[in-house]
Protein chains: 2
Amino acid sequence: MANIQKVAKKAGVSVATVSRVLNNPDVVTLKTRTKVEQAIHELNYEPSALGRNLRTSRSRLLLVLLPSISNPFYTEIINGIEDTAIEEGYNILLCETDSNPERENIYFNMVKNRLAEGIISMDPTVNKKTLTDLAKDYPIVQCSEYDEDGTICYVSIDNELAAYHAVRHLIKLGHEKIALINSDEKFLYARERYRGFQKAMEEFELPIRPEWILNMENVKFEDGQQAMKGLLKQEVRPTAVFAVSDVLAIGALKELNINQIRVPEDIALVGFDKIVFSNMTHPTLTTISQPMYKMGSISANMLINKIKGKAVESVILEHELVIREST
Amino acid sequence: MANIQKVAKKAGVSVATVSRVLNNPDVVTLKTRTKVEQAIHELNYEPSALGRNLRTSRSRLLLVLLPSISNPFYTEIINGIEDTAIEEGYNILLCETDSNPERENIYFNMVKNRLAEGIISMDPTVNKKTLTDLAKDYPIVQCSEYDEDGTICYVSIDNELAAYHAVRHLIKLGHEKIALINSDEKFLYARERYRGFQKAMEEFELPIRPEWILNMENVKFEDGQQAMKGLLKQEVRPTAVFAVSDVLAIGALKELNINQIRVPEDIALVGFDKIVFSNMTHPTLTTISQPMYKMGSISANMLINKIKGKAVESVILEHELVIREST
DNA sequence: ATGAAAGCGCTAACAG
DNA sequence: CTGTTAGCGCTTTCAT
């Protein structure tokens, strides 16, 4: 495989000149440049990023931590991150942790040993302590899920307000018996969305029934289905359900369809995230839309600025209630 | 930042010894090893992968090319690739090409300049010529979509047979008017699945109506919905539809639901891929299941073997017809 | 404008 | 078992 030495030899110049042609072409005379370019072409030379990276001690690689790529919530965010990263000359490594600390560790080590220059964490299940410790020495930002009292910058939305809007929408539609399908409250977003639910219910003086507050361990379709199954078994049924993610809502909708319960006539349903599927269900899902692409691109910019040593500040973005057929 | 030199100095040994406790601990006496380990700990030393990579001229990075991560078809395959890769000490870089040759080129360059050691291509839109050229010099395998007369190894299924099974299933159910929602026939899998459709129809002496063969440019939900819209407009309606991907089928189902057409009573529907969402629709979707995880893990193994210089052979895996509510 | 030379951090052959 | 040393391929000062 051709290296810079061979090119230099073939072109009859020094390796420094070849390097200049590669990185700083205007400081080389047209004549020598042409010579070098021809040698490069003839030898089919490709500069090794390995050598360059060691020399410059940069890898131009960013890590994106997420529990699982199968969650459609992340896809638009990733697109935003990716476009911005590529624009800035970085590549991203999608890191599925599967909520597994060991996996997590592999990726943390990649930044410790310089294989990657920084981390965008979107993983609610990440070990906050480890992440905070790592953030002292390496550039890290958080996207969507963040650490409440942490020192790590983030970009997110106002989850409490968004949930409040969703529930208020149901209340204004005349619903009084409203259930909540939430995820595990060990996650900040789950706690915040619960607070939004609570706030709306209290504001309109509606009772919160503990048996209608469901906390699911995971956020897969089956969990939503399971949750709805639980709700339907109860003596008194709610007339409306707010699920904190579209995936949960779609699972719940499945169970409603199976039982021939009409949506929204018998039970109204609101989701969260506006994933692509949410428009393919029957009926289509009312949901909260987050500016996912923007969240991605902002977090990528934040991280790159941090890498460059610039100061960065956390950002809260706007959400939007998207009213469709399920309410 | 601590490097191997500082550790050696602190421990009072040579850099070689430090390197040994890192890579080959058993050849070092317990006593010196302990000394070195303590120095490593005290200095909070992390070996630089940059230096190691240059020295060993390996990056332990594999590229996975796919048009878009938002297509749920890829998620299980990626899991298979990832698990196998990590097991073998490799990491994977998910590369979205967006069917954009420029993007594609970025990733091809990463392997040319040694940042990555090989490529698993799952991208039907990839430039076959470029890929074949690259495969002469670098380890490359194909997963799912492959090049018919190419020299590049692949793992896939028998698309023609799978499509044949899907259509035969509809025929055995008594259907005679069967439509096909296909993707663009520039893709091999589309041509193969068409052939399977054709074979089944001919075997049972059923006519193939050109107006019931739809070739969609993309394979998003909207394309399936669009296709079904087209079918419903026609004078004579089919009683069954085979869509070559679940995503298309789900879009088609959406349009059927909108028009209150009963599935499977009025129109039966078969998809392809068995994506997670295909079990959440109402009715659930009959589909062809591919061993996606296995495809992923086999292709990763193939690539790693190729990198190691071993000979590898293409593999065709089994598929399965999964009969659910839509037929 | 170009070249010589140092060195990024590591591994591995060789010597002892 | 451990140390010395060369060098992976590149960029970048410092001279010229």
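What counts, and where the lines are drawn
- Along every chain, residues carry numbers that run from 1 in the direction the sequence is written.
- Numbering of ligands from 1 and lettering of chains from A proceed in the order in which they are written.
- Only residues with pLDDT of at least 70 get local features here, since the model is predicted, and only at 80 or more are side-chain atom pairs given and counted; chain-wide, interface and lining totals rely on the full set of residues.
- Heavy atoms throughout the structure, all of them, feed into the side-chain values; hydrogens and water do not.
- UniProt positions are given in the numbering used here, feature names are shortened, and annotations may be inferred rather than shown by experiment.
- Helix and strand assignments come from DSSP, with helices taken as H or I runs of at least 4 residues and strands as E runs of at least 2, each series counted from the N terminus.
- Partly exposed describes any residue whose relative accessible area lies between the buried limit of under 20% and the exposed limit of over 50%, with all areas from a 1.4 Å probe on protein chains only and scaled to the type maximum.
- For two strands to be treated as a pair, DSSP must find at least two bridges joining them.
- Handedness of a crossover is defined as follows: orient the strands so they point away from the viewer, and if the path from the first strand over the helix to the second runs clockwise, the crossover is right-handed.
- Note on contacts: a residue pair is in contact if any heavy atoms of the two residues lie within 4.5 Å.
- In short, buried area is how much 1.4 Å probe accessible area vanishes from two parts on joining, totalled over both.
- Take a side-chain nitrogen of Lys or Arg and a carboxyl oxygen of Asp or Glu: if they are within 4 Å of each other, that pair is a salt bridge.
- Within 3.5 Å is the distance limit for a polar contact, defined as a pair of N or O atoms, with the added protein rule that one can donate a hydrogen and the other accept it, and that residues adjacent in sequence qualify only through two side-chain atoms.
- Residues are sorted three ways: Asp, Glu, Lys and Arg are charged, Ala, Val, Leu, Ile, Met, Phe, Trp, Tyr, Cys and Pro are nonpolar, and all the rest, Gly among them, are polar.
- Where helices are involved, their axes are fitted lines through C-alpha atoms of the stretch in contact, as for all axes, and angles between N-to-C directions lie from 0 to 180°.
- Definitions used throughout: a 1 Å grid over protein atoms alone; a cavity as a set of points that fits a 1.4 Å probe which cannot get out; a pocket as an open set with protein on both sides within 12 Å along at least five of seven lines; a lining residue as one with an atom within 4 Å of a point.
- Grid points are joined across faces, edges and corners, and a volume is the space filled by probe spheres set on the points.
- Alignment of the copies relies on least squares applied to C-alpha atoms, considering only residues that score at least 70 for pLDDT in both.
- Convention used here: angles under 35 degrees read as roughly parallel, angles over 145 as roughly antiparallel, angles from 65 to 115 as roughly perpendicular, and any remaining angle as oblique.
- We call a crossing left-handed when the near helix sits turned anticlockwise from the far one by less than a right angle, and right-handed when that turn is clockwise.

- As named in an unreviewed UniProt entry, chain A is LacI family DNA-binding transcriptional regulator, taken from Oceanobacillus luteolus.

1. Examining the UniProt feature "domain: HTH lacI-type" (unreviewed entry) in chain A
Line of reasoning, step 1. UniProt's feature table lists "domain: HTH lacI-type" (unreviewed entry) at residues 2-56 of chain A, given in the numbering used throughout.
Line of reasoning, step 2. Overall, residues 2-56 of chain A shows 71% helix and 0% strand. The separation of its end C-alpha atoms is 21 Å.

2. What to know about the pairing of strand β8 (residues 240-243) of chain A
All names here are of chain A.
Line of reasoning, step 1. Burial along β8 is two-sided: the residues Ala-240 and Phe-242 and Val-241 and Ala-243 are all buried.
Line of reasoning, step 2. In this structure, strand β6 (residues 178-183) lies alongside β8, joined through 4 bridges in parallel fashion. Following the sheet pairing, Ala-179 is matched in β8 by Val-241.
Line of reasoning, step 3. Bridge analysis of β8 against strand β9 (residues 268-270) gives 3 bridges, and the strand direction is parallel. Across the sheet, Phe-242 pairs through a bridge with Val-270, a residue of β9.
Line of reasoning, step 4. Chirality of the crossover, the property in question, places the unit of β8, helix α11 (residues 246-258) and β9 among those that are right-handed.

3. What to know about the interface of chain B and chain A
Line of reasoning, step 1. Taken together, the 51 residues of chain B in the interface contact 52 residues of chain A.
Line of reasoning, step 2. For chain B, the biggest contributors to the area lost against chain A are Leu-50, Arg-114 and Met-280 of chain B; these three give 15% of the whole.
Line of reasoning, step 3. The interface formed by chain B and chain A holds 3 salt bridges in total.
Line of reasoning, step 4. For the salt bridge of Arg-103 of chain A with Glu-82 of chain B, the shortest nitrogen-to-oxygen distance reads 4.0 Å.
Line of reasoning, step 5. Applying the counting criterion to the chain B and chain A interface returns 8 residue pairs in polar contact (both at pLDDT 80 or more).
Line of reasoning, step 6. Split into classes, the residues belonging to the side of chain B that touches chain A amount to 23 nonpolar, 18 polar and 10 charged.

4. Notes on the sheet that holds strand β2 (residues 91-96) of chain A
Residues and elements named next belong to chain A.
Line of reasoning, step 1. Taking strand neighbours across the sheet as the criterion, the 6 strands line up as β2-β1-β3-β4-β5-β11 in an open arrangement whose pairing is parallel. In this open sheet, the two strands that pair with only one neighbour each are β2 and β11 (315-317). Taken over all neighbouring pairs, the strand axes of this sheet differ in orientation by 20 degrees on average, direction set aside.

5. Observations regarding unusual backbone geometry
Line of reasoning, step 1. At the junction of Val-263 of chain A and Pro-264 of chain A, the peptide bond is cis and its omega measures out at 10 degrees in the coordinates.
Line of reasoning, step 2. Residue position: Pro-264 of chain A is located in the loop between α11 and β9.
Line of reasoning, step 3. The amide bond that connects His-282 of chain A to the next residue, Pro-283 of chain A, takes the cis arrangement and shows omega of 0 degrees.
Line of reasoning, step 4. Note on placement: Pro-283 of chain A falls in the loop between β9 and β10 (287-289).
Line of reasoning, step 5. A positive phi angle, near 55 degrees, is found at Asn-44 of chain B, a position not held by glycine.
Line of reasoning, step 6. If you trace the backbone, Asn-44 of chain B turns up in the loop between α3 (30-43) and α4 (49-56).
Line of reasoning, step 7. If you check the backbone angles, Lys-274 of chain B has positive phi at about 55 degrees while not being a glycine.
Line of reasoning, step 8. For Lys-274 of chain B, the location among the structural elements is in the loop between β9 (268-270) and β10 (287-289).
Line of reasoning, step 9. The partly exposed category is assigned to Lys-274 of chain B, whose relative accessible area is 38%.

6. What to know about empty space enclosed by the protein
Line of reasoning, step 1. Counting across every chain of the model gives 5 cavities of 30 Å³ or more.
Line of reasoning, step 2. Taken as a whole, the largest cavity encloses approximately 120 Å³ of empty space.
Line of reasoning, step 3. As for the largest cavity, its lining consists of 15 residues, and the residues nearest its centre are Thr-281 and His-282 of chain A together with Met-280, Thr-281 and His-282 of chain B.
Line of reasoning, step 4. If you list the elements that add at least two residues to the lining of the largest cavity, you get α11 of chain A together with α11 (246-258) of chain B.
Line of reasoning, step 5. For the lining of the largest cavity, a count of residues per class yields 7 nonpolar, 6 polar and 2 charged.
Line of reasoning, step 6. Every residue lining the second largest cavity is listed: Leu-50, Asn-53, Leu-54, Ser-59, Leu-61 and Leu-115 of chain A together with Leu-50, Asn-53, Ser-59, Leu-61 and Leu-115 of chain B.
Line of reasoning, step 7. Secondary structure elements with two or more residues in the lining of the second largest cavity: α4 (49-56) of chain A together with α4 of chain B.
Line of reasoning, step 8. Looking at the lining of the second largest cavity, its residues break down into 7 nonpolar, 4 polar and no charged.

7. Section: the relation of the copies chain B and chain A
Each copy of the chain is related to the other by a rotation around an axis and a translation along that axis.
Line of reasoning, step 1. Under the fitted operation, chain B is carried onto chain A by 0.1 Å of movement along the axis and a turn of 180 degrees, and the coordinates agree to an RMSD of 0.2 Å. Such a turn and shift between the copies fits a two-fold axis. Within chain B, Leu-93 of chain B has its C-alpha nearest the rotation axis, a separation of 2.6 Å.
Line of reasoning, step 2. Comparing contact sets, 98% of the residues at the interface of chain B also lie at the interface in chain A, consistent with an isologous, same-surface contact.

8. Here's the deal with the pattern of salt bridges
Residues and elements named next belong to chain B.
Line of reasoning, step 1. Taken as a whole and assessed by the stated rule, the structure comprises 23 salt bridges over all chains.
Line of reasoning, step 2. Taking the shortest distance from any N to any O, the salt bridge between Asp-133 and Lys-129 comes out at 2.8 Å. Placement of the pair is Asp-133 and Lys-129 together in helix α7 (residues 128-137), with a separation of 4 residues, close to one helical turn.
Line of reasoning, step 3. You can call Asp-133 partly exposed: its relative accessible area is 31%.

9. So, the sheet that holds strand β3 (residues 118-121) of chain B
Residue and element names in this part refer to chain B.
Line of reasoning, step 1. The parallel open sheet is built from 6 strands, whose spatial order is β2-β1-β3-β4-β5-β11. Where the open sheet ends on each side, the last strands, each with one partner, are β2 (91-96) and β11 (315-317). Averaged over all adjacent pairs, the angle separating strand axes in this sheet is 20 degrees, with direction ignored.
Line of reasoning, step 2. Bridge count for β3 against strand β4 (residues 140-143) is 3 bridges, and the pairing is parallel. In the sheet register, Ile-119 faces β4, and the bridge partner there is Ile-140.

10. Quick word on the packing of helix α10 (residues 221-233) of chain A against α11 of chain A
All names here are of chain A.
Line of reasoning, step 1. Relative to each other, α10 and α11 sit at 50 degrees, their axes nearing to 6 Å. Taken together, the axis directions place α10 and α11 in an arrangement best described as oblique. When you trace α10 past α11, the crossing you get is right-handed. Residues Phe-221, Asp-223, Gly-224, Gln-225, Met-228, Lys-229 and Leu-232 of α10 form the contact with α11, whose own contacting residues are Val-247, Leu-248, Ile-250, Gly-251, Ala-252, Lys-254, Glu-255, Leu-256 and Ile-258.
Line of reasoning, step 2. For the contact of α10 with α11, the class distribution of residues is 9 nonpolar, 3 polar and 4 charged.

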